[in-house]
Amino acid sequence: EAAVTQSPRNKVAVTGGKVTLSCNQTNNHNNMYWYRQDTGHGLRLIHYSYGAGSTEKGDIPDGYKASRPSQENFSLILELATPSQTSVYFCASGDSREQYFGPGTRLTVL
Amino acid sequence: GDSVTQTEGLVTLTEGLPVMLNCTYQTIYSNPFLFWYVQHLNESPRLLLKSFTDNKRTEHQGFHATLHKSSSSFHLQKSSAQLSDSALYYCALYGSFNKLTFGAGTRLAVCP
């Protein structure tokens, strides 16, 4: 079974602060993804990566950066967090056949 | 770009009745992959079923769907709803640019 883990699972941040969400996968997948989930919008792609050292902008990249230092790790960085970034964030790894999602991180920006 | 439309935000059913959740898509990619993901409360999305082949029915865990490229549709069906089917269902398209595009999701609530 594919394994994707995320940390932290819950985070409360202050407006203007820096937030880093981490994701680790043990599936040896080349592709990794960051999504946010909001009621009425479903899952929206923020950034993705084809492999170590690569990051690509998804559909809603503004206000977010990503980093893929290794095959296993993919981070999402909010340099200046805003209340509009309050959401549940999911990391996933996979390919065209299937994506495996992590447990999610609930982020609240006050 | 690619897009997926799920017309129902909420579907409420009585246990035992048939389920049909609608999904249509748009893409310029000639061989799209279509998926249904299911997300139960406080869990992460997981794959329910997928299809790459036009007009071929695919089934899993009592659910089935058929990809119809002529109408750009991939509706999810089940003959008899169970209480445990209550969840959020996402239709998704793997078309251009090596990424999934999700619909807004349909919440299915099955009542006794």
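Anything mentioned here points back to the structure above.
A short tour of the structure in this document, coming up.

Rules and cut-offs
Residues numbered from 1 in each chain as written. Chains lettered and ligands numbered in written order. Predicted model: local features only at pLDDT ≥ 70, side-chain atom pairs only at ≥ 80, totals over all residues. Heavy atoms only, no water. Helix = DSSP H or I, 4+ residues; strand = E, 2+ residues; numbered from the N terminus. Rg over C-alpha atoms; globule rule 2.2 N^0.38 Å. Contact = heavy atoms within 4.5 Å. Areas by Shrake-Rupley, 256 points an atom, 1.4 Å probe, with all protein chains shown as cover. Lys, Arg positive; Asp, Glu negative; His and termini not counted. Charge placed at Lys NZ, Arg CZ, Asp CG, Glu CD. Pairing = 2+ DSSP bridges. Axes fitted to C-alpha atoms, helices over the stretch in contact; angles between N-to-C directions. Buried < 20%, exposed > 50% of the residue type's maximum accessible area, 1.4 Å probe, protein only. Polar contact = N/O pair within 3.5 Å; in protein donor to acceptor, adjacent residues only side chain to side chain. Core = buried A, V, L, I, M, F, W, Y, C linked by side-chain atoms within 4.5 Å. Salt bridge = Lys/Arg side-chain N within 4 Å of Asp/Glu carboxyl O. 1 Å grid on protein atoms, 1.4 Å probe; cavity = no way out; pocket = protein on both sides within 12 Å on 5 of 7 lines; lining within 4 Å. Points joined across faces, edges and corners; volume = space filled by probe spheres on them. Nonpolar A, V, L, I, M, F, W, Y, C, P; charged D, E, K, R; others polar.

## Digging into the overall build of chain A
Along the backbone of chain A there are zero helices and 11 strands. Counting helices and strands in the order they occur from the N terminus, chain A gives β-β-β-β-β-β-β-β-β-β-β. Computed over its C-alpha atoms, the radius of gyration of chain A comes to 13 Å, within 12% of the 13 Å expected for a compact globule of 110 residues. For chain A, the C-alpha atoms occupy an extent of roughly 35 × 30 × 25 Å along the three principal directions. Taking the intrachain contacts of chain A between residues at least 6 apart in sequence as the baseline, contacts between residues at least 24 apart amount to 53%. A total of about 5,000 Å² of accessible surface is found on chain A, and carbon and sulfur atoms cover 48% of it. Across chain A, 10 positive and 9 negative side-chain charges occur, with their mean positions spaced 8 Å apart.

## With respect to the sheet that holds strand 8 (residues 73–78) of chain A
All names here are of chain A. As summarised here, the arrangement of the four strands in space is 1-3-8-7, forming an open sheet in which the pairing is antiparallel. Both outer strands of the open sheet, strand 1 (4–7) and strand 7 (65–67), are each paired with one neighbouring strand and no more. Across the sheet, the mean angle separating the axes of adjacent strands is 20° when strand polarity is ignored. With four bridges joining them, strand 1 and strand 3 (residues 19–25) adopt antiparallel strand pairing. By the bridge assignment for strand 3, Ser 7 is matched with Ser 22.

## Re the side chain of Arg 36 of chain A
Residues and elements named next belong to chain A. Secondary-structure assignment places Arg 36 in strand 4 (residues 31–38). Owing to a relative accessible area of 7%, Arg 36 belongs among the buried residues under this scheme. Among the polar contacts made by the side chain of Arg 36, one reaches the side chain of Tyr 64 at a distance of 2.9 Å. A polar atom in the side chain of Arg 36 sits 3.4 Å from the backbone oxygen of Thr 86.

## Notes on the nonpolar core
By size, the foremost hydrophobic cluster in this structure holds 24 residues, and its most contacted members are Trp 36, Leu 48, Leu 49, Phe 74, Leu 76 and Tyr 89 of chain B. Considering each element in turn, this core owes the most residues, four residues, to strand 10 (residues 87–94) of chain B. The contacts of Phe 74 of chain B, once residues within four sequence positions are left out, are Cys 23, Leu 34, Phe 35, Trp 36, Leu 49, Lys 50, Ser 51, Thr 58, Ala 65, Thr 66, Leu 67 and Cys 91 of chain B. With 19 residues, the next largest nonpolar core counts Leu 43 of chain A together with Phe 33, Leu 88 and Tyr 90 of chain B among its residues.

## Observations concerning the pattern of salt bridges
Residues and elements named next belong to chain A. The full count for this structure, using the stated rule, is six salt bridges over all chains. Between Arg 36 and Asp 38 there is a salt bridge; the shortest N-O distance is 2.8 Å. When the shortest N-O distance is used, the salt bridge between Lys 65 and Glu 79 registers 3.7 Å. You can see Lys 65 sitting in strand 7 and its partner Glu 79 sitting in the loop between strand 8 and strand 9 (87–94), a full 14 residues away along the chain. The class of Glu 79 is partly exposed, set by a relative accessible area of 35%. A network of salt bridges, in which partner residues are shared, links Arg 36, Asp 38 and Arg 44.

## Regarding the layout of surface pockets
Size it by volume and the largest pocket reaches roughly 600 Å³. Looking at the largest pocket, it is lined by 27 residues, and the ones nearest its centre are Gln 37, Val 88 and Arg 106 of chain A together with Gln 39 and Arg 107 of chain B. Of all the secondary structure elements, the ones that give two or more residues to the lining of the largest pocket are strand 4, strand 9 and strand 11 (105–109) of chain A together with strand 10 of chain B. The residue inventory of the lining of the largest pocket, partitioned by class, reads seven nonpolar, 14 polar and six charged.

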